[in-house]
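Spelled out from the first residue to the last, the chains are:
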Amino acid sequence: MLDIRWMREHRAELAAAMAKLNDTEAPWEKALELDERRRAILTRVEALRAERNSGSKEVGRLYQAGQRSEADALKARMASIGDEIAQLDAELREVEAAFNDAMLRIPNPPDPEAPVAPDESGNRVVLEVGTRPSFAFTPLAHWDLGEKLGIIDVERGAKLAGSRFYVLRGAGALLQRALANYFLDVHTTEHGYEEVYPPFMVRGECMVGTGNLPKFGDNLYRDVEEDYWFIPTAEVPVTNLHRDEILAASDLPRYYVAHTPCFRREKLSAGKDVRGIKRVHQFEKVEMVKFVAPEHGRAELESLVANAEVLVARLGLPYRRVLIATGDLSFVACLKYDIEVWAAGCQEWLEISSCSWFRDFQARRANIRYRTAEGKIEYVHTLNGSGLALPRIIIAILENYQQPDGTVVVPEVLRPYMGGRSVIG
RNA sequence: GGAGGGAUGGCCGAGCGGACGAAGGCGGUUGUCUUGAAAACAACUGUGGCAGCAAUGUCACCGGGGGUUCGAAUCCCUCUCCCUCCGCCA
């Protein structure tokens, strides 16, 4: 959410920022209009309230002084003011509801550093590390490899839950567990993150806080009976950890890491990426979330992306860092890097991490503030990034480390997490 | 799932229709005293909206929402959460 006062005073700047996004429905003009109406009603209703407050006090005083008839007359006058207030209140409630809804549907303006382009064609590769493996044979894609090795069972996943579900078996399940443990260990022991185990279902307010609601409810699973929403990423519960809190300056920066399943409806992508486990309804991810003082927001994005990249590097996978263009930015991010890993089988760069800086956009929605050293209360900055998404890393390991005999070599760093195992198959 | 009891400021806790943004205590900040610290004493110490260059004024907030009333922390309805007992369950 944006600061309405900032919006009022920087209309042109706001318009220019919104034009850089590919969101033509952003109701920022509507919000400004509703804000005018809201304030007009507010000043009227508050003047009436002030009058009623002092009048009501006077009624009490008159009764105590025994001046009944004066009191009754004043009481009648206050009653009619009350009616007027009730009427304006109803109007105000309506306008305010519309205003709030509009505010929640305005995306975060992009940072000036983001390349300006209408879509992903403007994304900029800023770093490429490692060399893509070459093979003396034709490398298999993970869906074939996984099936042959008996470690990815897409067919039975579909039997249990439908398309875009899968079963990891044996060494496949072990590999995922090893990855999660390895990632968590690195983040907690080397990068200063606190591990948390949050609920995987949350209330709607949490989804509003991170920006998933009201606009993107279509992508979420939900238990209507209990009004629980299934998290699409650990970002949701972890960011909301400090919702409605005022942190001390000494609490910042705060780094959290969580390993959770992620549930996504992926409704709009039917027909795309159907094979294998690249795009599925349920997957595991290790997620990093940061709460920081505003002056460190930008720098914290760099360390965040570095925290994710070191994992890819240590797994020996070729990867690149992509700076996302304005038209490809998510609703909440003002600046974002994607990390993509090369998958030799399907011959694709796969996004395995998205590292975003939100400025105070989420903090305003979730009301997360801190008290500065000077005692002022300000919104924190939030950031988050995957570190890392597991199925796609499994894909990359299988496809890049495959051998002529159909086996897969286990990256060195994972072997201690897999009982010393060095080969799958 | 059934029965009961609760929710008040950073924390504890009073208030149960007007003088209450809210007693008192703890904590915090500042000052006096002290070589320094402690103690004691004194003052200050919630969040947000609106108007204003500002000083300031004004409105709202006592778990959330709605209602009764001239007037609600206080009365009524409803929801959420917490606690106790019973049932069920890994």
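Criteria and thresholds
- Residues numbered from 1 in each chain as written.
- Chains lettered and ligands numbered in written order.
- Predicted model: local features only at pLDDT ≥ 70, side-chain atom pairs only at ≥ 80, totals over all residues.
- Heavy atoms only, no water.
- Helix = DSSP H or I, 4+ residues; strand = E, 2+ residues; numbered from the N terminus.
- Buried < 20%, exposed > 50% of the residue type's maximum accessible area, 1.4 Å probe, protein only.
- Areas by Shrake-Rupley, 256 points an atom, 1.4 Å probe, with all protein chains shown as cover.
- Lys, Arg positive; Asp, Glu negative; His and termini not counted.
- Charge placed at Lys NZ, Arg CZ, Asp CG, Glu CD.
- Axes fitted to C-alpha atoms, helices over the stretch in contact; angles between N-to-C directions.
- Parallel < 35°, antiparallel > 145°, perpendicular 65-115°, else oblique.
- Left-handed = near helix turned anticlockwise from the far one by under 90°.
- Contact = heavy atoms within 4.5 Å.
- Nonpolar A, V, L, I, M, F, W, Y, C, P; charged D, E, K, R; others polar.

Looking at the overall build of chain A
Assigned secondary structure in chain A consists of 12 helices and 18 strands. Referenced to the eigenvectors of the C-alpha coordinate spread, the extents of chain A come out at roughly 100 × 45 × 45 Å. The buried share of chain A, taken over its 425 residues, is 50%. Entry remark: accessible area of chain A is about 20200 Å², with carbon and sulfur atoms responsible for 48%. Computed over 54 positive and 63 negative side-chain charges, the inter-centroid distance for chain A is 1 Å.

Some remarks on unusual backbone geometry
Here the amide bond leading from L213 into P214 is cis, since omega sits at 5°, within 30 degrees of zero. Along the chain, P214 falls in the loop between helix 8 (204-210) and strand 6 (222-223). In this model, L252 is joined to P253 through a cis peptide bond whose omega is -5°. Of note, R164 is a non-glycine position whose phi angle comes to about 70°, a positive value. As for its position among the elements, R164 is in the loop between helix 6 (154-161) and strand 3 (167-168). Residue R359 is not a glycine yet carries a positive backbone phi of 50°. Relative to the elements of secondary structure, R359 occurs in the loop between strand 13 (348-357) and helix 11 (361-366).

Quick look at the packing of helix 7 (residues 171-189) against helix 12 (residues 390-400)
The interhelical angle for the contact between helix 7 and helix 12, taken along N-to-C directions, is 115°, at an axis separation of 10 Å. Classed by the angle they form, the pair helix 7 and helix 12 counts as roughly perpendicular. By crossing handedness, the relation of helix 7 to helix 12 is classed as right-handed. Of helix 12, the residues touching helix 7 (which contributes G172, L175, Q176, L179, A180 and F183) are L390, I393, I394 and I397. For the contact of helix 7 with helix 12, the class distribution of residues is 8 nonpolar, 2 polar and no charged.

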